[in-house]
Amino acid sequence: MLSPMIDLIFLLLVFFVVSTMYMSNIQTIPVVLPKAEHSEHVKKSGWTVTVKADGTLYLADERITEPLLLERMRQAAANDPDFSVMLRGEKEASYDIIMHLLDACKGAGVTRFSLATDR
């Protein structure tokens, strides 16, 4: 009599475990990231900024201009001392573009960065 109830509870448990695993995916623009053998997995990052090879910027999956991005970062950094940014620079993006963005973010008050890579 309890066996069907236990089976149902087990199936619900499996369903919720599997479904929550897919809920943690970051919604971003697809890019080819550079490879790094010794990269570390960062569990928490405030914002994800993607830089395409042509210099186009995306905040999460929203295309954004650099001045607007920096203004939003300035506000977020002022409100949260632990604010951080994960920078996803496309493999073909020039080093100059990435360094310019890092410098501009630092000027906006952001002091915590991470650079995304593929393993």
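Residues numbered from 1 in each chain as written. Predicted model: local features only at pLDDT ≥ 70, side-chain atom pairs only at ≥ 80, totals over all residues. Heavy atoms only, no water.

### Regarding helix α2 (residues 66-79)
No. 1: An ideal rise of 1.5 Å per residue puts 20 Å on 14 residues; α2 measures up with 20 Å between its terminal C-alpha atoms.
No. 2: For α2, the set of buried residues is L69, L70, M73, A76 and A77. Seen along its axis, α2 keeps its buried residues to an arc of 130 degrees; they face one direction. Every exposed residue of α2 that faces more than 90 degrees away from the buried side is listed here: P67, A78 and N79.
No. 3: If you follow the buried residues of α2, they end up packed against β1 (47-51), β2 (57-59), β3 (62-64), β4 (84-89) and α3 (95-107). (Helix = DSSP H or I, 4+ residues; strand = E, 2+ residues; numbered from the N terminus. Expected span 1.5 Å × (residues − 1). Buried < 20%, exposed > 50% of the residue type's maximum accessible area, 1.4 Å probe, protein only. Arc of directions from axis to C-beta. Contact = heavy atoms within 4.5 Å.)

### Focus on the confidence of the model for the protein chain
No. 1: Summarising the model, the protein chain shows a mean pLDDT of 84, and 85% of its residues fall at 70 or more.
No. 2: The least confident element of the protein chain is helix α1 (residues 3-23), whose mean pLDDT is 80; the most confident is α2, at 94. (pLDDT = per-residue confidence, 0-100.)

### Observations concerning the environment of V49
No. 1: Its location among the elements puts V49 in strand β1.
No. 2: Considered as a pair, V49 and R88 are 39 residues apart in the sequence and their alpha carbons are 6.0 Å apart.
No. 3: When near neighbours in sequence (up to four residues on either side) are disregarded, V49 contacts Y58, L59, L69, M73, V85, M86, L87, R88 and L101.

### A word on unusual backbone geometry
No. 1: Positive phi, close to 60 degrees, is recorded for A60, a residue that is not glycine.
No. 2: Mapped onto the fold, A60 is located in the loop between β2 and β3.
No. 3: Residue class for A60 comes out partly exposed when judged on its relative accessible area of 30%.

### Description of the environment of E71
No. 1: Tracing the backbone shows E71 in helix α2.
No. 2: Residues E71 and C105, 34 residues apart in the sequence, show an inter-C-alpha distance of 9.6 Å.

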